[in-house]
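Each chain, written out:
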Amino acid sequence: MTPDEPVESGTPRVSILACIIPVLSYLLPALGAAISGLSLMNVLRAMRNAESAGIAAVAAGISEANVAVVVSLYLAIIVGFVGVVIGLVRMFTSVTTASPSGWYFLIAGVLGLLPMLSLWRAQSILLEVLFSRSVGMGEVAGQITLFSMVALCLGIVLIPILLASAFVPLPSILRAKRKWAPTIALLVMETAIIAMTVLYHLRTAWVYSQFRKD
């Protein structure tokens, strides 16, 4: 009998701990993006109400809006690291529960990052208008609002879905067949989260420098 086989006949249940820790690291960015998306819409609303708002005021608003997403990403890195450690421990020890498959972590991780990608697009459009002046705000305000709304709504919808996925029985296709596959997927997603953290941190620092400059 191998370590992952149950004592009795049947399929071993999936470890909740092996699911919930990585899931938390994926829903944190979704939560941060939802909050920042709402803040970005407030910045856009303030710009409409005060048409004379300068670049410094808008840059300050974007920088403040990014606080939630940057903090959530740093927390996600910490929690994700714990998930990787748990995956490594399960690789080299005998366990009586199954691990989620690598596909489960990849799917959950990508879903958790979708709101951040939508928020990134909304901010990119707004920053292009502010600093390049290639198009007018009136021409792209709808796009900025749309991507911000998508970030907000996706975050609200995905958080309970990701949480529920850690507790509901997974189909056999999402149960690990190889011990190393989940850990590889966890490392891939941890790298993706770190990359997003660096990108958002650099953008926030750059926007803040523009705000201080003006």
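Starting afresh in each chain, residues are numbered from 1 along the sequence in its written order. This being a predicted model, a pLDDT of at least 70 is required before a residue's local features are given, and a value of 80 or more before pairs of side-chain atoms are given or counted; all residues contribute to the totals for chains, interfaces and linings. The basis for the side-chain values is all heavy atoms of the structure; hydrogens and waters are excluded.

Participant: Can you walk me through the side chain of Arg 90 in this structure?
Facilitator: A run of DSSP states H or I qualifies as a helix once it reaches four residues; a run of E qualifies as a strand once it reaches two. Both are numbered from the N-terminal end. Inspection of the secondary structure assignment puts Arg 90 in helix H2 (residues 55–92). Throughout this description, buried means an accessible area under 20% of the type-specific maximum (1.4 Å probe, protein chains only), exposed means over 50%, and partly exposed covers the range between. The buried category is assigned to Arg 90, whose relative accessible area is 11%. By definition, residues are in contact when any of their heavy atoms lie within 4.5 Å. Residue contacts for Arg 90: discarding those within four places in its chain leaves Ser 15, Ala 18, Val 95, Thr 97, Ala 98, Ser 99 and Lys 179.

Participant: Would you mind going over the packing of aromatic side chains with me for this structure?
Facilitator: Here a ring pair, both rings aromatic, is described through the centre-centre distance and the interplanar angle of the planes. For this analysis, a ring pair means two rings from Phe, Tyr or Trp (six-membered ring only for Trp) whose centres lie within 6.5 Å, classed as stacked if their planes differ by under 30 degrees, edge-to-face if by over 60, and tilted for the remaining angles. Counting across every chain of the model gives 2 aromatic pairs. Aromatic pair Tyr 104 and Phe 105: ring centres 5.5 Å apart, planes at 70 degrees, arrangement edge-to-face. Among the residues examined, Tyr 104 registers a relative accessible area of 4% and is labelled buried. Given the relative accessible area of 2%, Phe 105 is considered buried. Taking 5.1 Å as the distance between ring centres and 80 degrees as the angle between the ring planes, the aromatic pair formed by Trp 120 and Tyr 200 counts as edge-to-face. Linking Trp 120 in helix H3 (residues 102–132) with Tyr 200 in helix H5 (residues 180–213), this pair joins segments that are 80 residues apart in sequence. Given a relative accessible area of 0%, Tyr 200 falls into the buried group. Two thresholds decide whether a charge sits over a ring: the Lys NZ or Arg CZ must be within 6 Å of the ring centre and within 35 degrees of the ring normal. The aromatic ring of Trp 120 is capped on one face by Arg 203, whose charged end is 3.6 Å from the ring centroid.

Participant: How should the confidence of the model for the chain be read in this particular structure?
Facilitator: For every residue, the predictor reports its confidence as pLDDT, a number between 0 and 100. For the chain, the average pLDDT comes to 83, and 85% of its residues sit at 70 or higher. Scored below 50 in pLDDT, residues 1–9 makes 11 contacts in the model with residues more than four places away or belonging to other chains.

Participant: How should I be thinking about a nonpolar patch on the surface in this particular structure?
Facilitator: For patch detection, residues must exceed 30% relative accessible area and be free of salt bridges, and they are connected within 9 Å for like charges or within 5 Å for nonpolar side chains (Val, Leu, Ile, Met, Phe, Trp, Tyr). Here the open area of atoms and residues is found with the Shrake-Rupley method and a 1.4 Å probe, where only the protein chains shown may cover a residue. When a carboxyl oxygen of Asp or Glu is within 4 Å of a side-chain nitrogen of Lys or Arg, the pair counts as a salt bridge. A surface patch of nonpolar side chains, amounting to about 320 Å² of accessible area, comprises Ile 16, Leu 24, Leu 163 and Phe 167. Along the chain, Phe 167 falls in the loop between helix H4 (137–165) and H5. Residue Phe 167 is classed as exposed on the basis of its relative accessible area, which comes to 53%.

Participant: I'm lost on the nonpolar core in this one. Help?
Facilitator: A general trend in soluble globular proteins is that nonpolar side chains are found buried together. What is meant by a nonpolar core is a set of buried Ala, Val, Leu, Ile, Met, Phe, Trp, Tyr and Cys residues, joined one to another through side-chain atoms within 4.5 Å. Among the nonpolar cores identified, the biggest contains 51 residues, and Tyr 26, Ile 62, Met 116, Leu 126, Ile 144 and Tyr 200 are the most heavily contacted of them. Among the elements of the structure, helix H1 (16–49), H2, H3, H4 and H5 are those that each provide at least two residues to this core. Residue contributions to this core peak at 13 residues, all from H1. Those residues in contact with Ile 62, other than ones at most four positions away along the chain, are Leu 40, Val 43, Gln 123, Leu 126, Leu 127, Leu 130 and Val 207.

Participant: How should the environment of Ala 68 be read in this particular structure?
Facilitator: As for its position among the elements, Ala 68 is in helix H2. Apart from the residues lying within four places of it in its own chain, the contact partners of Ala 68 are Gly 32, Ile 35 and Ser 36.

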